[in-house]
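So the chains spell out like this:
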Amino acid sequence: MDTVITKRERRQRLTDDLLRPLFHTTPVFFLVAGALLIPVLWFLYVWYIQLTQGLGVTGLRTPSGAAWGIYIANFVFYVGIAHGGIAVAAAIRLLKLKGYEPIGRIGEVLTVVSLSMAGLSISLDMGRPDRLFNIIAFWPQRIGSSSLSWDVTVIMLYFSLSALYLWLTMRHDLAECAAQFPRRAWLYRPLLLGYRPDEKAKIDRMAWWLSIAIVFLIVMLSGGVVPWIFGLLPSRPGWFGALAGPYFLTAAISSAMAGVLVVSAMVRGVFHWEAHIKPQIFRGLGIFLGIMTMFYLYLILAEQLTMRYAAPISEFLVSEMLLTGEFAPLFWSMLIGGFFLPALFLILQAFHPRWFGVTRTTIAAMVILLAFWIKRFLIVVPSLLRPLLPFPEGTYQVTWVEWSVTAGVLALAILMFIAFVKLFPMVEVSEE
Amino acid sequence: MSPIRRRDFVRYMGGMVGLAFLGKLGSSLLISRDRVEAGQSGDLLPPSSPKADGFSTTADPAIKYGMVIDVGACIGCRRCMWACQKENNTPSTISPLWIEVFELKSGTSVTGHPSIEDLKQGATTSYTQSPTEGRWYLPAQCFHCENPPCVKVCPTGATYKDADGLVLMDYTRCIGCRLCVVACPYSARRFNWWRGEVPAEETNPLVPVRQIGVVEKCTFCVHRVRRGLLPRCVEVCPVRARHFGNLNDPESQVSKVLQENLSFRLMEELNTGPSIRYITRGKKWIQS
């Protein structure tokens, strides 16, 4: 009898603790939200300029110059991150990794948010975003051959499945929220459509099958349709090749892990959830991230060797731009400072547990995350600066418009995330 | 927390279906509005005229258009570039123009496939005098490939291969994603980074003025060749370095020129099958 009471009490404390962000909002939150709103509004204004004056306000040009730039780099970056959460969540469910459960939903939300940002980035890059629906309208004719149609298909499928997954696994907690916080029932009730308290077993079964589907889609999206946009084009040295798939997939999983790690650490720090999100989670994620990043370095080596050893001159020239040319400072600092050293630290802490610290691991993950953005930039841009015909060599100068848009999209992502934190339970309450 | 009843559920789903319907309606409105916009761009255009010549002329499948450029004869005068610009309402914001003429040093090979290093050795597009002793000139534009990579990647079918071999654009369908721009190995495609303006009195009514944010490129003057005229660049060439015609007809001028001369195509190994072939009949590029 005693144990039952303590168990219930403990559960109550846990619930209170985890739902606290929903009930108590400090002025700091509004300050942060307000600060994020500024770049978002600025971004909307700048987008208006870009729409009315044309994409000429960016640094993009063709054929001398880059026809794609940091908008596409952002797109690939956000698609990569989008694998994080849902991959973690699916892995937790399929492999029954109980210890990682508290960060499952953080990851799922990260997926939904960053996938939205990926879609937005594509719209930002389009000359005619008002005709976006043409992709859907002419989908039946084009799905057979257009790599962009494949992309849109898989991204929409992936978004639907991850949003569905998030919704299904959250319902139990939403019922708890609706009961504890009647004033917000208008928000929770539509999401609790058809809810029955005994639905958990069925939801678990559905989520299990969804996880299987999502794991397959991860390979198809980041190891498939996104790299195939690049890897299938022999017109662009540096892009063309079968390595593109595994290359992008490794980058996606690594950057996604880094993203989940960083966001989890921030959520943990802000809400003082040290007791719920345990340090072991960060250690485990960190070691995995370190190994994946090292593997990515091996892929860079394989790629660069192929581009130099006995390669066609066009491949060699792109490699030269990276290793010794105009992108060399960026490339080498990314390679050593952005990938190698943080990954080395993350792996070493597997052997020396005393070197481990949540903060250090988070910083290493942040550096790796930034390096993965730079890598996406270095994938997209240099190959475009060397047309195969002897057009004058162009350059790509990122303009203030593009930086404003990039900052605004990031701020929007964070804003969506913290709004979610305030409206929905971020860590599954239903433990045990 | 009471469970939601079936009636509510049905109502909810009904709302969803309604929303989806509205979305479809909205998208079709967007698309049809674009069509009207295109109709206004040239006065003569009928309202539903999405095609590159503005008239939706139909292709004759018995014809296969092709061009032969004699790089031995070409003197690099660029008359084709400027005439093309005028003919096709190309705004000054499009740079380079649809046709680009490269000046190359002699000694660089032209047989088969000029490698990038060969071409880069002294290649320039910004020469101010021509012809220059020891130089040769390579005009390039859309090659109207038999197996065009741009058509393959287009997510909307805005760029398409017509039955007579022309690779054309439907400017009202293009979403401006520029996947075709990066997929073209010849960098033949241009993008409207700015709102291009052509003065009304200089506008060719046979060619639609392109909107902002869409891709455009050489059409082999579809509005002329389907009426039996030569492309403008062929017409204006002062040294008759350009030949154009039906490759399916052995009596046509291009077919005869190809029978008499060895020819090569650019980047044959990419399997694009360009419809522009080069010959070196003039051979002036050989001496240095």
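A quick note: this is a predicted structure, and the numbers were derived from the prediction, not measured. (Residues numbered from 1 in each chain as written. Chains lettered and ligands numbered in written order. Predicted model: local features only at pLDDT ≥ 70, side-chain atom pairs only at ≥ 80, totals over all residues. Heavy atoms only, no water.)

**A word on the confidence of the model for chain B**
Next, step 1: Looking at chain B as a whole, the pLDDT averages 83, with 77% of positions reaching at least 70.
Next, step 2: Note that pLDDT drops below 50 for residues 31–50 of chain B; the model gives that stretch 33 contacts with residues more than four away or on any other chain. (pLDDT = per-residue confidence, 0-100. Contact = heavy atoms within 4.5 Å.)

**Some words on unusual backbone geometry**
Next, step 1: Note the cis peptide between Ser95(B) and Pro96(B), where omega equals -5°.
Next, step 2: Between Ser130(B) and Pro131(B) the backbone carries a cis peptide bond, its omega angle lying at -5°.
Next, step 3: Here Pro131(B) is to be found in the loop between α3 (116–120) and β3 (135–140).
Next, step 4: Even without being a glycine, His272(A) presents a positive backbone phi close to 55°.
Next, step 5: With respect to the secondary-structure elements, His272(A) resides in the loop between α10 (244–271) and α11 (279–308).
Next, step 6: Owing to a relative accessible area of 56%, His272(A) belongs among the exposed residues under this scheme.
Next, step 7: Unusually for a residue other than glycine, Arg78(B) sits at a positive phi of about 70°. (Helix = DSSP H or I, 4+ residues; strand = E, 2+ residues; numbered from the N terminus. Buried < 20%, exposed > 50% of the residue type's maximum accessible area, 1.4 Å probe, protein only.)

**Topic: the pairing of β3(B)**
Residues and elements named next belong to chain B.
Next, step 1: Within β3, five of the six residues are buried, which leaves the element mostly enclosed by the surrounding structure.
Next, step 2: Two strands pair when backbone bridges link them, and strand β2 (residues 100–105) and β3 are joined in this way by six bridges, in the antiparallel orientation. Across the sheet, residue Glu 103 finds its bridge partner in β3, namely Tyr 137. (Pairing = 2+ DSSP bridges.)

**Here we look at the nonpolar core**
Next, step 1: Membership of the largest hydrophobic core comes to 202 residues, with the highest contact counts inside it found for Trp68(A) and Tyr278(B).
Next, step 2: Take this core: its biggest share by element is 16 residues, from helix α3 (residues 70–95) of chain A.
Next, step 3: Excluding anything up to four places from it in sequence, Trp68(A) contacts Leu60(A), Asp125(A), Ile229(A), Phe230(A), Trp239(A), Val380(A), Val381(A), Leu384(A), Cys177(B), Arg178(B), Leu179(B) and Val182(B).
Next, step 4: By size, the runner-up hydrophobic cluster in this structure holds six residues, among which are Ala33(A), Val40(A), Ala411(A) and Ile418(A). (Core = buried A, V, L, I, M, F, W, Y, C linked by side-chain atoms within 4.5 Å.)

**Points about the side chain of Asp151(A)**
All names here are of chain A.
Next, step 1: Tracing the sequence through the fold places Asp 151 in helix α7 (residues 147–180).
Next, step 2: No salt bridge is formed by the buried Asp 151; its nearest oppositely charged neighbour, Arg 376, is found at 12 Å.
Next, step 3: At a separation of 3.3 Å, a polar atom in the side chain of Asp 151 contacts the main-chain amide nitrogen of Val 226.
Next, step 4: Not counting the four nearest positions on each side in its chain, Asp 151 is found in contact with Phe 75, Val 225, Val 226 and Ile 229. (Lys, Arg positive; Asp, Glu negative; His and termini not counted. Salt bridge = Lys/Arg side-chain N within 4 Å of Asp/Glu carboxyl O. Polar contact = N/O pair within 3.5 Å; in protein donor to acceptor, adjacent residues only side chain to side chain.)

**Considerations on the packing of helix α2 (residues 27–53) of chain A against helix α4 (residues 104–125) of chain A**
Residue and element names in this part refer to chain A.
Next, step 1: Where α2 meets α4, the axes come as close as 11 Å, and the angle between the chain directions of the two elements is 35°. Residues Phe 43, Trp 47 and Gln 50 of α2 form the contact with α4, whose own contacting residues are Leu 120, Ser 123 and Leu 124.
Next, step 2: Here the residues of the contact of α2 with α4 are counted per class, giving four nonpolar, two polar and no charged. (Axes fitted to C-alpha atoms, helices over the stretch in contact; angles between N-to-C directions. Nonpolar A, V, L, I, M, F, W, Y, C, P; charged D, E, K, R; others polar.)

**Observations regarding the state of the cysteines**
Note: disulfide means a covalent bond formed between the sulfur atoms of two cysteine side chains.
Next, step 1: Going through the model one piece at a time under the given rule, you end up with zero disulfides over all chains.
Next, step 2: Summary of cysteine pairing: Cys154(B) is not part of a disulfide, and the nearest cysteine sulfur, belonging to Cys180(B), is at 6.5 Å. (Disulfide = S-S within 2.5 Å.)

**Regarding the pairing of strand β10 (residues 276–279) of chain B**
Residue and element names in this part refer to chain B.
Next, step 1: Burial of the side chains of β10 extends over both faces: Ile 276 and Tyr 278 are buried on one face and Arg 277 and Ile 279 on the other.
Next, step 2: Relative to β10, strand β1 (residues 65–70) is paired through four bridges, and the arrangement is parallel. By the bridge assignment, Asp 70 is partnered in β10 with Ile 279.
Next, step 3: Here strand β9 (residues 263–264) runs beside β10; their pairing, made up of two bridges, is antiparallel. Across the sheet, the residue bridging to Ser 263 is Ile 279, located in β10.

**Some points on the pattern of salt bridges**
When charged atoms on two side chains of opposite charge get close, those side chains can pair.
Next, step 1: One pass over the structure, following the stated rule, counts 23 salt bridges over all chains.
Next, step 2: Measuring nitrogen to oxygen at the nearest pair gives 3.4 Å for the salt bridge that ties Lys98(A) to Glu101(A).
Next, step 3: For Arg210(B), the salt bridge identified is with Glu216(B), shortest N-O distance 2.8 Å.
Next, step 4: Relative accessible area serves as the criterion here: at 5%, Arg210(B) is assigned to the buried category.
Next, step 5: Taken together, the shared-partner salt bridges connect Lys64(B), Glu146(B), Arg265(B) and Glu268(B) into one network.

**With respect to helix α8 (residues 253–260) of chain B**
Residues and elements named next belong to chain B.
Next, step 1: Listed as buried for α8 are Val 254, Ser 255, Val 257 and Leu 258. Viewed along the axis of α8, the buried residues span an arc of 165°, placing them on a single side of the element. Facing away from the buried side of α8, by more than 90 degrees, are the exposed residues Gln 259 and Glu 260.
Next, step 2: Buried residues along α8 sit in contact with β1, β8 (242–246), β9 and β10. (Arc of directions from axis to C-beta.)

**Describing the packing of α11(A) against helix α12 (residues 313–323) of chain A**
Helix packing geometry: the angle between the two helix axes and the distance between the axes.
Residue and element names in this part refer to chain A.
Next, step 1: The N-to-C vectors of α11 and α12 enclose an angle of 130°; their axes lie 7 Å apart at closest approach. Classified by the angle between their axes, α11 and α12 sit oblique to one another. In this structure, α11 meets α12 at a crossing whose hand is left-handed. Contacts from Gln 304, Met 307 and Arg 308 in α11 reach Glu 315, Phe 316, Val 318, Ser 319, Glu 320, Leu 322 and Leu 323 in α12.
Next, step 2: The residue inventory of the contact of α11 with α12, partitioned by class, reads five nonpolar, two polar and three charged. (Parallel < 35°, antiparallel > 145°, perpendicular 65-115°, else oblique. Left-handed = near helix turned anticlockwise from the far one by under 90°.)

**Some points on the interface of chain A and chain B**
Next, step 1: Taken together, the contacts link 55 residues of chain A with 59 residues of chain B.
Next, step 2: Taking both partners together, chain A and chain B bury about 5100 Å²; carbon and sulfur atoms supply 65% of that area.
Next, step 3: Counting across the interface, chain A meets chain B through one salt bridge.
Next, step 4: In this structure, Arg178(B) engages Asp125(A) in a salt bridge whose closest nitrogen and oxygen atoms are separated by 2.8 Å.
Next, step 5: Taken together, the connections running from chain A to chain B amount to 24 residue pairs in polar contact (both at pLDDT 80 or more).
Next, step 6: Those elements that provide at least two residues to the side of chain A that touches chain B are α2, α5 (134–137), α6 (139–142), α7, α8 (185–191) and α12 of chain A.
Next, step 7: Top contributing element to the side of chain A that touches chain B by residue count: α7(A), with four residues.
Next, step 8: Among the residues forming the side of chain A that touches chain B, the class breakdown is 30 nonpolar, 15 polar and ten charged. (Buried area = accessible area lost by both parts, 1.4 Å probe.)

**Remarks on the environment of Phe377(A)**
Next, step 1: Residue position: Phe377(A) is located in helix α14 (residues 358–384).
Next, step 2: Beyond its immediate sequence surroundings of up to four residues, Phe377(A) is in contact with Ile70(A), Ala73(A), Phe327(A), Leu330(A), Pro382(A), Tyr396(A) and Val398(A).

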